[in-house]
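# Fold and geometry: a report
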Amino acid sequence: MRHQHNQSTVANAAGPAVHFDPGSLGANSDAAQIRRRRRTDWRMGGREISKWDLRVLVCALIGAGAAILVSVVLAHSAIAGVAALSLPALWVGLLVPVGYAVVRGRPAGLFRLRLVDVLWGVGLGVGLRLVQGGLSDANAASFPTSTSLSIDLAASSLTAITLAAAFVGPLVEELFFRSVLVVVIFQMLRKTLGAAAAGATALLASAGAFVCLHGAYAPLSLSSGLQLFLVGGVCSLLVLLTGRAWSAVILHVVYNAVYLVLVGVGTAGA
């Protein structure tokens with residue numbers, strides 16, 4: 001009996017016995033896996049994403065409101081050349097909250113790019129443009145032209161207009177509406193409402209704000225409003241499902257670029 005010992009006890013002549021619980025291995029392993037996952041996925045929480053709090057949301061709302069107000073005033077200005085500053089003013093105002101959020105913290109995995117993000121972005125971008133054509137009864141209408149958009153595609157500003165409409169605008173808007181607005185709302189509500197309800201709230205808020213942005217410049221028809229809400233909703237859903245922002249950016253770029261291609265074809269055939 002003197003040599004009998006408990007299998008869960010390791011005797012150490014130099015110190016007290018150390019008790020070992022075999023079940024703790026599994027618990028520690030699970031906890032370590034959760035911590036690693038949180039470091040690679042902002043949707044699971046973590047120190048960096050916790051910094052995207054009410055201050056970030058307030059900054060985003062104030063920045064967007066001021067940017068839209070200044071941009072709309074510039075767009076309707078009668079002073080020559082001032083209207084051209086409308087979009088840059090909007091972009092700067094939207095990027096300020098983005099910069100503030102990134103300085104406070106970088107949510108794990110949010111700005112990571114995967115090949116699947118490109119595939120989803122391209123596929124859904126083309127698909128949503130087809131849906132837009134169906135909703136607007138494009139089969140019964142002629143191709144859009146630069147005249148219908150009040151754009152002179154033969155002008156020297158063609159490259160700037162194309163880059164702004166197809167790349168810069170979608171990039172800035174997605175960084176603000178999806179990379180900041182969706183993420184910060186989800187982060188603030190996840191623990192109290194649960195992931196599903198927090199995601200739905202973030203999606204609706206982001207898509208609704210996206211429609212309001214476009215409606216601030218000109219009245220929107222019901223069809224146009226639904227199309228914009230659909231684009232904003234799908235982009236938000238991509239960010240929430242993948243945890244990454246670039247699929248939404250690519251979708252928006254492709255969606256706009258396809259329309260510019262149609263405008264080019266319509267103008268060339270006019």
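This section reports on the structure supplied with the text. (Residues numbered from 1 in each chain as written. Predicted model: local features only at pLDDT ≥ 70, side-chain atom pairs only at ≥ 80, totals over all residues. Heavy atoms only, no water.)

### Digging into the overall build of the protein chain
- For the protein chain, the helix and strand inventory stands at nine helices and two strands.
- In sequence order, the protein chain lays out its α and β elements as β-β-α-α-α-α-α-α-α-α-α.
- Within the protein chain, buried positions represent 36% of all 270 residues.
- Sequence separation of 24 or more characterises 77% of the internal contacts of the protein chain that already satisfy a separation of 6 or more. (Helix = DSSP H or I, 4+ residues; strand = E, 2+ residues; numbered from the N terminus. Buried < 20%, exposed > 50% of the residue type's maximum accessible area, 1.4 Å probe, protein only. Contact = heavy atoms within 4.5 Å.)

### Some points on the nonpolar core
- Counting 44 residues, the largest nonpolar core has W42 and W52 as its most contacted members.
- Elements supplying a minimum of two residues to this core: α3 (54–75), α4 (86–104), α6 (158–193), α7 (195–215), α8 (222–242) and α9 (246–269).
- With 12 residues, α6 is the single largest residue contributor to this core.
- In contact with W52, other than residues within four places in its own chain, are A101, V102, G105, P107, L110, S179, V180, V183, V184, Q187 and M188. (Core = buried A, V, L, I, M, F, W, Y, C linked by side-chain atoms within 4.5 Å.)

### A word on the side chain of Q187
- Summarising the element assignment, Q187 is placed in helix α6.
- Ignoring sequence-local partners within four residues, the contact set of Q187 consists of I49, S50 and W52.

### Some details on α4
- With 19 residues, α4 should reach 27 Å at 1.5 Å per residue; the first-to-last C-alpha distance of 28 Å fits that figure.
- Taken together, the buried positions of α4 are S86, L90, W91, G93, L94, P97, V98 and A101. (Expected span 1.5 Å × (residues − 1).)

### Points about a nonpolar patch on the surface
- Residues L113, L115, V118, L119, V122, V126 and L130 make up a contiguous nonpolar surface patch of roughly 650 Å² in combined accessible area.
- Taking relative accessible area as the criterion, L130 reaches 62% and is therefore assigned exposed. (Patch = residues over 30% accessible without salt bridge, like charges linked within 9 Å, V, L, I, M, F, W, Y side chains within 5 Å. Areas by Shrake-Rupley, 256 points an atom, 1.4 Å probe, with all protein chains shown as cover. Salt bridge = Lys/Arg side-chain N within 4 Å of Asp/Glu carboxyl O.)

### A few points about the side chain of D53
- With respect to the element layout, D53 can be found in the loop between α2 (47–50) and α3.
- Of the residues examined, D53 reaches a relative accessible area of 19% and is grouped as buried.
- Setting aside chain neighbours within four positions, we find D53 in contact with R104, V184 and M188.

### A look at the environment of V234
- Considering the arrangement of structural elements, one finds V234 in helix α8.
- Between the C-alpha atom of V234 and that of L203, which follows or precedes it by 31 residues, the distance is 8.5 Å.

### Some details on the packing of aromatic side chains
- Applying the stated criterion to the full structure yields three aromatic pairs.
- Measuring from centroid to centroid gives 5.6 Å for W42 and F186, while their planes differ by 90 degrees, and the two rings are edge-to-face. Here F186 lies in helix α6 and W42 lies in the loop between α1 (23–40) and α2, a separation of 144 residues in the sequence. Like F186, W42 is buried.
- On the numbers, 5.7 Å between centres and 80 degrees between planes, the contact of F177 with F210 is edge-to-face. Here the residue F177 occupies a position in helix α6, and F210 occupies one in helix α7, the gap between them amounting to 33 residues.
- One aromatic cluster is present, formed by F176, F177 and F210 through successive ring pairs.
- Above the face of the Y255 ring, R129 is positioned so that its terminal group lies 3.7 Å from the ring centre.
- Over the face of the ring belonging to F210 we find R178, whose NZ or CZ atom lies 4.8 Å from the ring centre. (Phe/Tyr/Trp six-rings, centres within 6.5 Å; stacked < 30°, edge-to-face > 60°. Lys NZ or Arg CZ within 6 Å of the ring centre and 35° of its normal.)

### Structural notes on the environment of V116
- With respect to the helices, strands and loops of the structure, V116 is situated in helix α5 (residues 115–135).
- Counting along the chain gives 131 residues from V116 to S247, while the straight-line C-alpha distance between them is 8.1 Å.

### Some points on α3
- With 22 residues, α3 should reach 32 Å at 1.5 Å per residue; the first-to-last C-alpha distance of 31 Å fits that figure.
- Every buried residue belonging to α3 is among V56, L57, A60, G63, A64, A67, S71, V72 and L74, and all of these are buried. One side of α3 holds all its buried residues, which, seen down the axis, span an arc of 150 degrees. Residues of α3 that are exposed and angled more than 90 degrees away from the buried face: L54, L61, I62, L69 and V73. (Arc of directions from axis to C-beta.)

### A closer look at the packing of α3 against α4
- As a packed pair, α3 and α4 sit with axes 7 Å apart at the nearest point and diverge in direction by 170 degrees. Of the possible angle classes, the one that applies to α3 and α4 is roughly antiparallel. Contacts between α3 and α4 involve R55, V56, C59, A60, G63, A64, A67, I68, V70, S71, L74 and A75 from the first element and S86, L87, A89, L90, G93, L94, P97, Y100, A101 and R104 from the second. (Axes fitted to C-alpha atoms, helices over the stretch in contact; angles between N-to-C directions. Parallel < 35°, antiparallel > 145°, perpendicular 65-115°, else oblique.)

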